[in-house]
Amino acid sequence: MPKLIIDDIAVEVADGSTVLEAAQSVDIPIPHFCWHPALGKAGACRVCAVKMLEGPVKGIQMSCMLPAQEGMVVSTTDPEAVAMRRNVIEWLMINHPHDCPVCDEGGECQLQDFTIAGGHGIRRYTGKKRTHVNQYIGPDIEHEMNRCIQCYRCVRFYQEYAGGCDFGVMGSAGRVYYGRFQDGRLESPFSGNLVDICPTGVFTDKRARFRARYWDYDMAPSICPHCSLGCNITPVARYRELLKIVARRNDPVNGWFICDRGRFANDEVNERQRPRSPEVDGRETTYDEALEALLLRVGEAEELYGPGSMAIVGSSRLALEAAALLPQLAQSSAAGALCYFTLQAEGDRTLAAYELLSAGKSASLNDVRESDCIVILDCDPLQDAPMMALALRQAWRSGAGVYLVGGGIELPCEFTRVATLDAVPLAEAKRSVIIYGTKGYNGVTTVASWLTGIAPNFTKGGLPGNLKLACLFPGPNSFAAALLSREHGAVSLEEALADGGIKGIIAVEADIPEQLLEGVRFVAVLDWRKTATVQAAQIVIPTTAWVEMDGTYINNEGRSQRFKKVMNPGVPVKGEGPPLHPPHIHRSVAPGGEARPAWQVVAGIIEGLGGERITEPLSGQWEYLRELDAESRGVMINDL
Ligand code: FES
């Protein structure tokens, strides 16, 4: 733990920290382009200069390359250091366009910030700027090479961190080029991180280019809903349109990055034709009328078919706030079944996988990154949860052994195929993780029987050694669905329908296979996606998408994380269809802006059925989550 002094402030940092990190730890900013916390140092840009006044090293040094050492006295404000940084910026700006006011990166550009902070304003160089030809690198990312300052962040991320090999650095000296060998879509499923990691605007998100300035954005901390890992994100919106999604740092979970599936996922939120207005029998109506019709039909179902003829169906994509109210809805409507899963096999598998985690230790993505032995069993991380694949690549880069039981999948690292779990040298590992999935039954049952074999009495927290488990569930809130399912004795819809007694269904953001709806007389759906279930329903009540409300997901390890409302619901101003701006009729809400969070609609139904008025969805055992900070690391739920 070396102690040093930076700008007259005493600092003590962990061994191995750099002077730049030491300065950051006491909020002293040092300009940097090539250094990135996740990528480490490259010493490429030379803009992090500081003056070493005392100690083992003297003179102007690059703070990102210099390990903090005992007795160092560092000045970031020394005139020599300031002049060095100013000169480097001016040198970088010789070829970089001086076009911030009209550049699409303007306002969120690290080069712009440090150029202004460094005082460079007047261009003295009178020669021509070097120019490059840009490439087509796919439908998602724009390439603008003239902005490049050769910091090597992109190629270090793409090749080293993510394992991509179709993008790299070519040329030499003053004509270094970052791109592909030829035009074509970037192949890495993590390519979108180039947009975040580039300190200038060489890579920008095509969907958001020239759509708004940084200070116009609607933004809030959020959680990605596209798999069960719960990666932290910041969605960016403007005029009711989700423009882009950027990664948000959460060290135990996704670190600094996200995958392309989560990043380039604007379309379904912006879809104009998604459920926007309540409908009864195909006719647009008001919320109140739709709610009234739903209550009427629930009453009719009871009269016609007797109590217990309704099923309440939730899903693994439903936020905790609504999912936790479903048991109350089932009680108020005298429902015959409460379901969080539609198919029996899916429900059984998810519950079995959840039970394993409840009885042991679940691994975070950071646990995977820091493990020394990883087993992949009956799952495909790149398909099921891409960031899990990126995490295990980092472990492999640090020397971990990666073992694939069986085969048939690709991984972004080298691995050893083994026939069974017993062939993996887990006993020699210090921090091992078994990753399994729920798509097939083998992973869950194999892990369960293997654990039973090696530790017959394993109980809560009692897995041998430091072995941890990571399950890849199907949805962002599968963990909560399994937990609620177990607590409330829920069954799958398939089981509930087996005896023919269920005649009506209220589906809350649930995708019900067509064959299960045969013989069901009445279907009401609360959803924001235009699913086949919505199309088959007699009553449709639109709910808000995840970016249009506050909510909570519990990720695959049992970590509760809060996501916040980013934008108001409503049809985006821009897009296909009749123009909506300027408004042609006066109204108090935006077109399609009446959608409500699912929990509020569920609460309305409960009240309409004679239940209590619910103003706060998280109560009882969930009450402690009410104050959960969306910018925290999340909290592990109690029973883990
Ligand atoms: Fe230190 Fe680039 S940040 S040389």
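Being a predicted model, the structure only gives us computed values, none of them experimental.

**Points about the overall build of the protein chain**
Then, number 1: Of the regular secondary structure elements, the protein chain holds 19 helices and 28 strands.
Then, number 2: Rg of the C-alpha trace for the protein chain: 27 Å, near the compact-globule value of 26 Å for 640 residues, within the 12% margin.
Then, number 3: Overall, the protein chain is about 85 × 70 × 50 Å in size when its C-alpha atoms are taken along their principal axes.
Then, number 4: Counting every position in the protein chain, which comprises 640 residues, the buried fraction comes to 57%.
Then, number 5: Within the protein chain, contacts between residues at least 6 apart in sequence are counted, and of these 67% link residues at least 24 apart.
Then, number 6: By element, 50% of the accessible surface of the protein chain is carried by carbon and sulfur atoms, the whole surface being about 26700 Å².

**Notes on the pairing of strand β22 (residues 468-472)**
Then, number 1: With 4 of 5 residues buried, β22 lies mostly within the body of the structure.
Then, number 2: Summarising the sheet, strand β21 (residues 432-437) and β22 pair through 5 bridges and their orientation is parallel. Of the residues in β22, the one forming a bridge with Val433 is Lys468.

**Remarks on helix α8 (residues 287-305)**
Then, number 1: Between its terminal C-alpha atoms α8 stretches 27 Å, which fits the 27 Å expected from 19 residues at 1.5 Å a residue.
Then, number 2: Among all positions in α8, only Tyr287, Ala290, Leu291, Ala293, Leu294, Val298 and Ala301 are buried. The buried side chains of α8 occupy one side of the element, clustering within an arc of 160° when seen end-on. Of the exposed residues in α8, those oriented more than 90 degrees away from the buried face are Asp288, Glu292, Leu296, Glu303 and Leu304.
Then, number 3: Buried residues belonging to α8 abut β14 (279-280), β16 (310-313), β23 (504-508), β24 (522-527), β25 (539-542) and α19 (598-608).

**Details of the packing of α8 against α19**
Then, number 1: The geometry of α8 relative to α19 is characterised by a closest axis approach of 10 Å and an angle of 55° between their N-to-C directions. Classified by the interaxial angle, the pair formed by α8 and α19 is oblique. At the point where α8 passes α19, the crossing takes the right-handed sense. Taken together, the residues of α19 that come into contact with α8 (itself represented by Tyr287, Leu291, Leu294 and Leu295) are Val601, Gly604, Ile605 and Gly608.
Then, number 2: In terms of residue class, the contact of α8 with α19 is made up of 6 nonpolar, 2 polar and no charged.

**Remarks on the confidence of the model for the protein chain**
Detailed reading of the predicted coordinates is not advisable wherever pLDDT falls low.
Then, number 1: In this model, the protein chain carries an average pLDDT of 92, and 95% of its residues clear a pLDDT of 70 or more.
Then, number 2: Low confidence marks residues 457-461, where pLDDT is under 50. Its contacts with residues over four positions away, or in another chain, come to 13 contacts.

**A look at the environment of Gln182**
Then, number 1: Relative to the helices and strands, Gln182 resides in the loop between β8 (177-179) and α5 (193-197).
Then, number 2: Each C-alpha atom of the pair Gln182 and Phe167 lies 9.5 Å from the other, and the pair is 15 residues apart in sequence.

**Looking at the state of the cysteines**
By definition, a disulfide links two cysteine residues through a covalent bond between their sulfur atoms.
Then, number 1: In the structure shown here, the tally under the stated rule is 0 disulfides.
Then, number 2: Left without a disulfide partner, Cys224 is nearest to the cysteine sulfur of Cys259, which lies 6.1 Å away.
Then, number 3: Free cysteine Cys227: the closest other cysteine sulfur is in Cys231, separated by 5.8 Å.

**Some thoughts on the sheet that holds strand β3 (residues 49-54)**
Sheet strands line up and pair through hydrogen bonds in the backbone, either parallel or antiparallel.
Then, number 1: Strand order across the open sheet formed by 5 strands is β2-β1-β5-β3-β4, with mixed pairing between neighbours. Each edge of the open sheet is held by one strand with a lone partner, namely β2 (9-12) and β4 (59-62). Strand-to-strand, the axes of this sheet are offset by a mean angle of 35°, without reference to chain direction.
Then, number 2: Note that strand β1 (residues 3-6) and β2 share 4 bridges and pair antiparallel. Looking across to β2, one finds that Leu4 is bridged to Val11.
Then, number 3: Lying on the sheet, helix α2 (residues 79-92) is in contact with β3, β4 and β5 (73-75); it crosses β3 at an angle near 160°.

**Focus on the layout of surface pockets**
It is a probe the size of a water molecule, rolled over the atoms, that shows where empty space is left.
Then, number 1: Put simply, the largest pocket is a space of about 970 Å³.
Then, number 2: Lining the largest pocket are 38 residues, and of these Glu108, Val195, Asp196, Tyr214 and Val246 sit closest to its centre.
Then, number 3: For the lining of the largest pocket, the per-class residue count stands at 19 nonpolar, 7 polar and 12 charged.

**Considering the nonpolar core**
Then, number 1: Counting residues in hydrophobic clusters, the biggest one holds 75 residues, and the most contacted among them are Ile434 and Tyr436.
Then, number 2: Excluding residues within four positions of it along the chain, Ile434 makes contact with Val375, Leu421, Leu426, Val447, Trp450, Leu467, Lys468, Leu469 and Ala470.
Then, number 3: Residues Phe257, Ala319, Ile374 and Cys379 belong to the second largest nonpolar core, which totals 73 residues.

**Overview of the sheet that holds β21**
Then, number 1: Taken together, the 5 strands give an open sheet; going across it, the order is β20-β19-β18-β21-β22, and neighbouring strands pair in parallel fashion. The sheet is open, and its two borders are formed by β20 (416-418) and β22, each paired with just one other strand. Geometrically, the sheet is characterised by an average inter-axis angle of 25° between neighbouring strands, direction not taken into account.
Then, number 2: In this structure, strand β18 (residues 373-377) lies alongside strand β19 (residues 401-405), joined through 5 bridges in parallel fashion. Its bridge partner being in β19, Ile376 is matched across the sheet by Leu404.
Then, number 3: Against the sheet, helix α14 (residues 386-397) makes contact with β18, β19, β21 and β22, and its axis sits at roughly 145° relative to β18, the strand it touches most.

**A short note on α19**
Then, number 1: Residues of α19 that are buried include every one of Ala598, Trp599, Val601, Val602, Ala603, Ile605 and Ile606, and no others.
Then, number 2: Contact partners of the buried residues in α19: α8, α9 (320-323), α10 (326-332), β23, β24 and β25.
Then, number 3: The positive-phi residue at the C-terminal boundary of α19 is Gly610, with phi of around 100°.

**Section: the packing of helix α4 (residues 153-161) against α14**
Then, number 1: With their axes 11 Å apart at the nearest point, α4 and α14 run at an angle of 85° to one another. Here α14 runs roughly perpendicular to α4, going by the angle between their axes. When α4 is examined against α14, the residues Gln159, Glu160 and Tyr161 are found in contact with a partner set consisting of Leu390, Arg393, Gln394 and Arg397.

**Focus: unusual backbone geometry**
Then, number 1: A positive phi angle, near 50°, is found at Ala334, a position not held by glycine.
Then, number 2: Note on placement: Ala334 falls in the loop between α10 and β17 (337-339).
Then, number 3: On the basis of relative accessibility, which here comes to 32%, the residue Ala334 falls in the partly exposed class.
Then, number 4: Unlike most non-glycine residues, Glu509 shows phi in positive territory, near 45°.
Then, number 5: Structurally, Glu509 is set in the loop between β23 and β24.

**Description of the pattern of salt bridges**
Then, number 1: What the rule picks out here adds up to 25 salt bridges.
Then, number 2: A salt bridge links Asp166 to Arg180; its shortest N-O distance comes to 2.5 Å. Within this pair, whereas Asp166 is found in the loop between α4 and β7 (168-170), its partner Arg180 is found in the loop between β8 and α5, the two being separated by 14 residues in sequence. For the pair shown, Asp166 and Arg180 are each scored as buried.
Then, number 3: Among the charged side chains, a network of salt bridges with common partners joins Asp104, Glu142, Arg147 and Arg209.

About the thresholds
Residues numbered from 1 in each chain as written. Predicted model: local features only at pLDDT ≥ 70, side-chain atom pairs only at ≥ 80, totals over all residues. Heavy atoms only, no water. Helix = DSSP H or I, 4+ residues; strand = E, 2+ residues; numbered from the N terminus. Rg over C-alpha atoms; globule rule 2.2 N^0.38 Å. Buried < 20%, exposed > 50% of the residue type's maximum accessible area, 1.4 Å probe, protein only. Contact = heavy atoms within 4.5 Å. Areas by Shrake-Rupley, 256 points an atom, 1.4 Å probe, with all protein chains shown as cover. Pairing = 2+ DSSP bridges. Expected span 1.5 Å × (residues − 1). Arc of directions from axis to C-beta. Axes fitted to C-alpha atoms, helices over the stretch in contact; angles between N-to-C directions. Parallel < 35°, antiparallel > 145°, perpendicular 65-115°, else oblique. Left-handed = near helix turned anticlockwise from the far one by under 90°. Nonpolar A, V, L, I, M, F, W, Y, C, P; charged D, E, K, R; others polar. pLDDT = per-residue confidence, 0-100. Disulfide = S-S within 2.5 Å. 1 Å grid on protein atoms, 1.4 Å probe; cavity = no way out; pocket = protein on both sides within 12 Å on 5 of 7 lines; lining within 4 Å. Points joined across faces, edges and corners; volume = space filled by probe spheres on them. Core = buried A, V, L, I, M, F, W, Y, C linked by side-chain atoms within 4.5 Å. Salt bridge = Lys/Arg side-chain N within 4 Å of Asp/Glu carboxyl O.

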